[in-house]
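# Commentary on secondary and tertiary structure
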Amino acid sequence: MDQAIDWHLRQRDMSDAEWRTFVAWLEADPANAAAFDAVALDMSLIAEHSELFPVEAAEAVPPVERKRARTMLRWGVGAGALALAASLSLVVLPSLPNTAAQPYAVSTRPGEQRVIALADGTRIDLNGASRIELDRSSPRLATLVAGEATFHVHHDSQAPFVLRSGTLSVQDVGTVFNAERDGYRLDVQVAEGAVLFQPRRDKLMLRAGAAVTARDDTGHVAVSRIDPARVGGWRNGDIAFAGEPFGRLANALRRLDGVDVTIEPVLSQRPFTGMVHLTGKAAQDVPHLAALIGADWQHDGKRWVISPQ
């Protein structure tokens with residue numbers, strides 16, 4: 001128990017070597033993991049309900065540890081999750097405020113793609129109809145407001161790159177991943193490394209080739225598989241779907257082709273699995289998509305419509 005307390009108090013400033021030692025300690029004996037979970041829970045309870053404890057007990061917890069304990073309780077981080085986090089290259093964690101933020105936005109029109117090269121060597125490929133916010137005061141911070149982007153992050157262990165979107169954040173340590181924000185929905189697909197996703201009730205670890213879909217409004221989380229080589233495939237016009245509503249293709253068309261396309265409701269909810277190649281030319285892409293599901297298409301000179309035969 002004394003060792004568990006010591007590890008808990010040291011975690012904020014541990015080096016990579018110390019993290020590896022910590023993981024080895026957890027794995028050496030199930031009693032170690034149980035002790036650490038007990039300490040984490042106790043610290044969380046003290047931080048959240050200090051009115052139930054003597055003043056001396058509350059004062060024994062440094063302010064920074066109280067904040068850390070609250071986060072651990074809120075997101076359900078136990079010893080098992082921490083052991084995984086030590087070796088991960090991509091971590092999803094709760095968003096934290098930045099009071100000194102100096103954000104600026106980069107937006108694209110439908111059909112327009114942009115490449116953003118950051119000073120640290122990180123590259124962001126921004127799809128059409130997308131908006132991302134960057135921060136001059138925190139160059140290792142980005143917020144995906146809407147749309148889609150592929151991130152090639154330059155590793156810096158002293159200053160991890162953080163992507164925020166909605167109520168979630170993705171902390172990257174030198175990997176490649178794709179993120180898509182569509183309303184309340186966030187999709188993250190990992191090309192390299194791994195992801196620890198920590199909503200309030202689940203702890204999910206995703207390695208390269210895995211994807212997670214989460215919703216801010218319902219808390220729903222789903223995990224699926226994807227060929228790592230296809231992550232960020234939109235840059236080549238390749239869009240992969242696995243049991244997705246066919247209507248999501250309308251977003252892909254709008255971003256890549258820059259066209260106004262409507263898929264009638266009876267077709268938009270139809271599950272679709274497959275790889276679609278978009279040329280960027282609506283006159284070719286819309287008829288091709290309609291043919292994939294045996295549907296008709298119309299074009300009135302401005303708007304495209306895909307409807308049942």
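The preceding data block contains the structure.
The paragraphs below set out a description of the structure included in this document. For every chain, the first residue of the written sequence is number 1, and numbering continues from 1 along that sequence. Where totals are concerned, whole chains, interfaces and linings use all residues; where local detail is concerned, this predicted model gives features only for residues with pLDDT of at least 70, and gives and counts side-chain atom pairs only at 80 or more. Side-chain metrics in this entry use all non-hydrogen atoms of the structure; hydrogen atoms and water are not considered.

### A few points about the overall build of the protein chain
Secondary structure elements follow DSSP: runs of H or I of four or more residues count as helices, runs of E of two or more count as strands, with numbering from the N terminus. Helix and strand counts for the protein chain come out as nine helices and 19 strands. Each residue's exposure class comes from its accessible area (1.4 Å probe, protein chains only) as a fraction of the maximum for that residue type: buried when under 20%, exposed when over 50%, partly exposed otherwise. The buried share of the protein chain, reckoned over its 309 residues, is 44%. It only takes one pair of heavy atoms within 4.5 Å for two residues to be counted as in contact. The long-range fraction of contacts in the protein chain, counting pairs at least 24 apart against all pairs at least 6 apart in sequence, stands at 53%.

### A few points about the layout of surface pockets
When its volume is computed, the second largest pocket comes out at roughly 570 Å³. Lining the second largest pocket we find 30 residues, and of these Gln189, Ala240, Phe241, Glu244 and Arg248 sit closest to its centre. Secondary structure elements with two or more residues in the lining of the second largest pocket: β9 (176–182), β10 (185–190), β13 (210–215), β14 (221–225), β15 (238–245) and α7 (249–257). At six residues, β15 tops the list of elements feeding residues into the lining of the second largest pocket. Grid points spaced at 1 Å and placed over the protein atoms alone form the basis of the search, with a cavity being a set where a 1.4 Å probe fits but cannot get out and a pocket an open set showing protein on both sides within 12 Å along at least five of seven lines. Lining residues have an atom within 4 Å of a point. Grid points are joined across faces, edges and corners, and a volume is the space filled by probe spheres set on the points.

### Thoughts on helix α9 (residues 282–292)
Looking only at α9, the buried set comprises Ala282, Asp285, Val286, Leu289 and Ala290. For α9, the buried positions fall inside an angular range of 130 degrees around the axis, keeping them on one side. Turned more than 90 degrees away from the buried face of α9 sit Ala283 and Ala291, all of them exposed. Residues of α9 that are buried sit in contact with α7, β17 (271–277), β18 (295–299) and β19 (303–308). After α9 finishes, the residue Gly294 shows a positive phi value of roughly 65 degrees. Directions pointing from the helix axis toward each C-beta atom define the arc.

### Re unusual backbone geometry
At Ala129, a residue that is not glycine, the phi angle is positive and equals roughly 50 degrees. For Ala129, the location among the structural elements is in the loop between β4 (123–126) and β5 (131–135).

### Quick notes on the environment of Gly294
Tracing the sequence through the fold places Gly294 in the loop between α9 and β18. Each C-alpha atom of the pair Gly294 and Pro308 lies 7.7 Å from the other, and the pair is 14 residues apart in sequence.

### What to know about helix α1 (residues 2–10)
For α1, the set of buried residues is Ala4, Trp7 and His8. Buried positions in α1, seen along its axis, are confined to an arc of 100 degrees and lie on one side of it.

### A few points about the pattern of salt bridges
Salt bridge criterion: a side-chain nitrogen from Lys or Arg within 4 Å of a carboxyl oxygen from Asp or Glu. Under the defined criterion, the tally for this structure stands at 14 salt bridges. Across the pair Arg140 and Asp120 runs a salt bridge whose closest N-O atoms are separated by 2.3 Å. Pair noted here: Arg140 is in the loop between β5 and β6 (141–152) and Asp120 is in the loop between β3 (114–117) and β4, with a separation of 20 residues, a long-range link. The partly exposed category is assigned to Asp120, whose relative accessible area is 23%. Two residues, Asp187 and Arg185, come together in a salt bridge whose shortest N-O distance is 2.7 Å. For Arg185, a relative accessible area of 13% translates into the label buried.

### Focus on the side chain of Thr213
Along the polypeptide, Thr213 turns up in strand β13. A polar contact is formed between the side chain of Thr213 and the side chain of Asp187, at a distance of 2.5 Å. If we skip the residues at most four places from it in the chain, Thr213 touches Arg185, Leu186, Asp187, His220, Val221 and Ala222. The definition of a polar contact used here is a pair of N or O atoms within 3.5 Å, where within protein one atom must be able to donate a hydrogen and the other to accept one, and adjacent residues in sequence count solely through side-chain atom pairs.

### Topic: the nonpolar core
Residues belong to a common nonpolar core when they are buried Ala, Val, Leu, Ile, Met, Phe, Trp, Tyr or Cys residues joined through side-chain atoms within 4.5 Å. Within the largest apolar cluster, 26 residues are counted, with the highest numbers of intra-cluster contacts made by Ile124, Ile132, Phe151 and Leu163. Listed by contribution, the elements that provide at least two residues to this core are β4, β5, β6, β7 (161–165), β8 (168–172), β9, β10 and β13. Considering every element that reaches this core, the biggest residue donor is β6, with four residues. Setting aside chain neighbours within four positions, we find Phe151 in contact with Arg123, Ile124, Ile132, Phe161, Leu163, Thr175, Val176, Phe177 and Ala179.

### Description of the sheet that holds β18
In sheet architecture, strand pairing relies on hydrogen bonds along the backbone and comes in two forms, parallel and antiparallel. With mixed pairing, three strands are arranged side by side in an open sheet as β16-β19-β18. Sheet topology places β16 (260–263) and β18 at the edges, where each strand pairs with a single neighbour. Taking the axes of each pair of neighbouring strands and ignoring which way they run, one obtains an average angle of 20 degrees across the sheet. One requirement defines pairing of two strands: DSSP has to find at least two bridges between them. With four bridges connecting them, β16 and β19 associate as parallel partners. Directly across from Val261, in β19, lies its bridge partner Trp304. Structural elements are reduced to axes, namely lines fitted to C-alpha atoms, with helices fitted over the stretch in contact, and the angle between N-to-C directions of any two is expressed from 0 to 180 degrees. Along the sheet face, α9 touches β18 and β19 and points at about 10 degrees away from the line of β19.

### Here's the deal with the pairing of β8
Judged by how many residues are buried, β8 sits mostly within the fold: four of five residues are covered. Relative to β8, β7 runs antiparallel, the two sharing five bridges. Bridge assignment links Phe161 to a residue of β8, and that residue is Asp172. Joining the antiparallel neighbours β7 and β8 is a turn of two residues, in which Gly166 adopts a positive phi near 60 degrees.

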